[in-house]
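The lines below spell out each chain.
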Amino acid sequence: MFIEDLRNDFYNVLLGNRVLLLVHYDVDAICACKILQGLFKCDNISYTLVPVGGVSELKTAYEENNEEIKFVVLVNCGGTIDLVDILQPEEDVVFFVLDSHKPTDICNVYSDGQVRLVYKDTEENIPNFDDIFRDDEEEEQEPQGSGMEALEAAVEKRRERRAWEERRHTLMFNYTQFSYYGKPSACVALDLAWLVSRCGGAALWAAAVGAASHEALHARPPAQALLDAASLHRLVAGGQHAAGDTNVSGCVVLEKDVWLPLYRSWSVEAALRHAPATGPYLKLHTLAGAARLRQLLADMGFPLQQARQAYRSMDVELRRCLLSALEAAAPKHELPPPTRAAFVLQRPHAPPRPAHDLAYALLGLIEHVTLPIARHFKLINSSWVTGGHRDTGPAGLQAAQRALEAVARLVHATLSARRLHLAGPFGYFIVQEGTPEARFVRGPHWLGVAARWASSACGGARPLLASAPLDDATCLLVGIPPRFDQEPRNLFGAAFEQAARKSGASVSLDLLDASVITLPTSQRPQFLDALTALLA
């Protein structure tokens, strides 16, 4: 069931109770978690925090921590699965689900109160209850009467049953055929913080980073992304970013900025070369790509010597005119709009930090190549938002830079060597085990960045699959829809499930994003054949 009042039906219910907080491994979930932790700290709500990466980890985390727990809050997990069926909780346990993964499982939607959904997305076209569920007791009742009338009544009842099942199948197929994302959970958590009068600078900054992560990963259409952040825009403009907030050393402002990740920590040339928004359109995988990049810098009026040194060491005048120069040169080189409104954290005696830079930094830490995710989750969650001496920004920025460099090399090598294959209705490429870039794309986020880069470089008209090795025997498979930058709804989630049944491959659907699966590397060819036949 959906709750109507965030404050009374959700937050006030938690007051005075111990809460189990289950949080998914993604940037938006971490940001929403930071906001909820701030609220819990203010109102002395005791909680147990457990990060989870998939359905099996979610089940294990609940089984290990459910003792004397009556309220469970799930952030970016649990919404797309039947929680009661999978977790088998006691009848008095209540689950509050704040999940941006869509579509929401229909059993959670029509739960009698044990599963309570914190936010309803306006795009969800949820079928009516009577079209999905029937009373089995009525079906088992024998028709009254005898002879021909009873037989005709039984036949009519079976005919109605078949018609209802066909209609239900059609409705459920239309409801579940696309996987997509709803409003960022961090923005919903910010709305709650405002309702309970706990909306400070730290909450604003966390919501800004969560919204920027959705924008960076193309989780929402551009117009819808603006609507998602409407409350964030309003609160920043209304002065909710007061510098007196002791939880964040600085203030959050909205200003026009260049959409080049990490350019303040990089050089302008490196940022242009490795930015997912500009790199694909410069065709750097071709022989003329380097010349095209130099021509862009020349049209901007940036000498190579200045463009290749650290941004903070550049000439002051060049730094001031970066936005206008890139805007003026972009149309000539057929680049997408290179600037947009961005949330920026301004701190005393420190360079400004855009929210999208920290979103990439968190991605770099979440899918780090050496340390386990759980350790990084604890590190990120404990200090990233403070903006002070314990800020994890530098380590995250370096990890994100290395990952973007690896993604660029991977895509350039794939396209230049013509390893992007066409399989009828979609294209695909496979990252080979043992290549230097393989270790950077073992997670779904960076592999998705590589797939979107390759799709943009090829025009983006076809769906695209990307596969990378997880270990010696298992691989990861990520699906990207066509024109993902305009309509990110993804058909691959339902297609993967059907192809797995047809091929007999041992596909794991454990991950919470339906468009990301794992399967044995030896079974990948037969799975791709079945997927090709299904989508042809």
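Basis of the calculations
Residues numbered from 1 in each chain as written. Predicted model: local features only at pLDDT ≥ 70, side-chain atom pairs only at ≥ 80, totals over all residues. Heavy atoms only, no water. Axes fitted to C-alpha atoms, helices over the stretch in contact; angles between N-to-C directions. Helix = DSSP H or I, 4+ residues; strand = E, 2+ residues; numbered from the N terminus. Left-handed = near helix turned anticlockwise from the far one by under 90°. Contact = heavy atoms within 4.5 Å. Nonpolar A, V, L, I, M, F, W, Y, C, P; charged D, E, K, R; others polar. Expected span 1.5 Å × (residues − 1). Buried < 20%, exposed > 50% of the residue type's maximum accessible area, 1.4 Å probe, protein only. pLDDT = per-residue confidence, 0-100. 1 Å grid on protein atoms, 1.4 Å probe; cavity = no way out; pocket = protein on both sides within 12 Å on 5 of 7 lines; lining within 4 Å. Points joined across faces, edges and corners; volume = space filled by probe spheres on them. Salt bridge = Lys/Arg side-chain N within 4 Å of Asp/Glu carboxyl O. Phe/Tyr/Trp six-rings, centres within 6.5 Å; stacked < 30°, edge-to-face > 60°. Lys NZ or Arg CZ within 6 Å of the ring centre and 35° of its normal. Pairing = 2+ DSSP bridges.

A. View of the packing of helix 10 (residues 201–216) against helix 12 (residues 230–237). Contact geometry of helix 10 with helix 12 gives a least axis separation of 11 Å together with a crossing angle of 140 degrees. Crossing hand, helix 10 versus helix 12: left-handed. Residue-level inspection shows L204, A207 and A208 of helix 10 in contact with helix 12, the latter providing L232, L235 and V236. The class makeup of the residues in the contact of helix 10 with helix 12 is six nonpolar, no polar and no charged.

B. Structural detail: helix 21 (residues 444–457). With 14 residues, helix 21 should reach 20 Å at 1.5 Å per residue; the first-to-last C-alpha distance of 20 Å fits that figure. With 13 of 14 residues buried, helix 21 is to be regarded as a mostly interior element. The positive-phi residue at the C-terminal boundary of helix 21 is G459, with phi of around 100 degrees.

C. Up close: the confidence of the model for the protein chain. Per-residue pLDDT for the protein chain has a mean of 88; in total, 92% of the residues score no lower than 70. Below a pLDDT of 50 lies the segment residues 242–247, which in the model reaches seven contacts outside its immediate sequence neighbourhood of four places, other chains included. In this model residues 385–390 is a low-confidence stretch, pLDDT under 50, and it forms 14 contacts with partners more than four residues away in sequence or in other chains.

D. The layout of surface pockets, seen in detail. In this structure, the second largest pocket spans a volume of roughly 890 Å³. Lining the second largest pocket are 38 residues, and of these E215, A216, H218, W259 and R340 lie nearest its centre. Listing elements by their share of the lining of the second largest pocket, those giving two or more residues are helix 10, helix 11 (222–228), strand 9 (339–346), helix 18 (355–366) and helix 21. Sort the elements by how many residues they give to the lining of the second largest pocket and helix 10 lands first, with six residues.

E. Broad picture of the pattern of salt bridges. Enumeration according to the criterion identifies 19 salt bridges in this entry. A salt bridge links K256 to E327; the shortest N-O distance between them is 2.7 Å. Of this pair, K256 sits in strand 8 (residues 251–258) while E327 sits in helix 17 (residues 322–329), placing them 71 residues apart in sequence. Look at K256 and you get partly exposed, because its relative accessible area is 47%. Where E487 meets R489, a salt bridge forms, and the shortest distance between an N and an O atom there is 3.8 Å. Judged by relative accessible area, E487 falls into the partly exposed class, the value being 38%. Looking at R489, the relative accessible area reads 25%, which means it is partly exposed. One salt-bridge network, held together by shared partners, links D121, R220 and D228.

F. Expanded view of the environment of A505. Along the polypeptide, A505 turns up in the loop between helix 22 (492–503) and strand 15 (516–520). Residue classification places A505 among the buried positions, given a relative accessible area of 9%. The spatial distance from the C-alpha of A505 to the C-alpha of S522 is 9.5 Å, given a sequence separation of 17 residues.

G. Geometry of the side chain of S467. Residue position: S467 is located in strand 13 (residues 464–469). Once you skip the residues sitting within four places of it in the chain, S467 turns out to touch F429, I430, V431, L447, C475, L476, L477 and R524.

H. Representation of the packing of aromatic side chains in the model. Under the criterion given, the structure shown has 13 aromatic pairs. When the centroid spacing of 5.6 Å and the interplanar angle of 50 degrees are considered together, the rings of F40 and Y47 count as tilted. We classify F40 as buried; its relative accessible area is 1%. Judged by centre distance (6.3 Å) and plane angle (85 degrees), the ring pair of F426 and F492 falls under edge-to-face. Of this pair, F426 sits in strand 12 (residues 426–430) while F492 sits in helix 22; the two residues are 66 residues apart in sequence, bridging distant segments of the chain. Members of the aromatic cluster, joined through ring pairs, are F426, F492, F496 and F527. Just above the ring of W259 sits the side chain of R340; from NZ or CZ to the centre is 4.3 Å.

I. Examining the sheet that holds strand 8 more closely. Read from one edge to the other, the open sheet built from three strands follows the order 8-9-10, with strand pairing classed as antiparallel. Because the sheet does not close on itself, it has two edges, and the strands there are strand 8 and strand 10 (353–354). Two strands pair when backbone bridges link them, and strand 8 and strand 9 are joined in this way by eight bridges, in the antiparallel orientation. Of the residues in strand 9, the one forming a bridge with V258 is T339. Against the sheet, helix 12 engages strand 8 and strand 9, with an angle of about 115 degrees to strand 8. Each of strand 8 and strand 9 is contacted by helix 17, which is oriented at about 35 degrees to strand 8, the strand it contacts most.

J. The arrangement of empty space enclosed by the protein in detail. Taken as a whole, this structure holds four cavities of 30 Å³ or more when the rule is applied. Taken as a whole, the largest cavity encloses approximately 100 Å³ of empty space. Classifying every residue of the lining of the largest cavity gives seven nonpolar, four polar and three charged.

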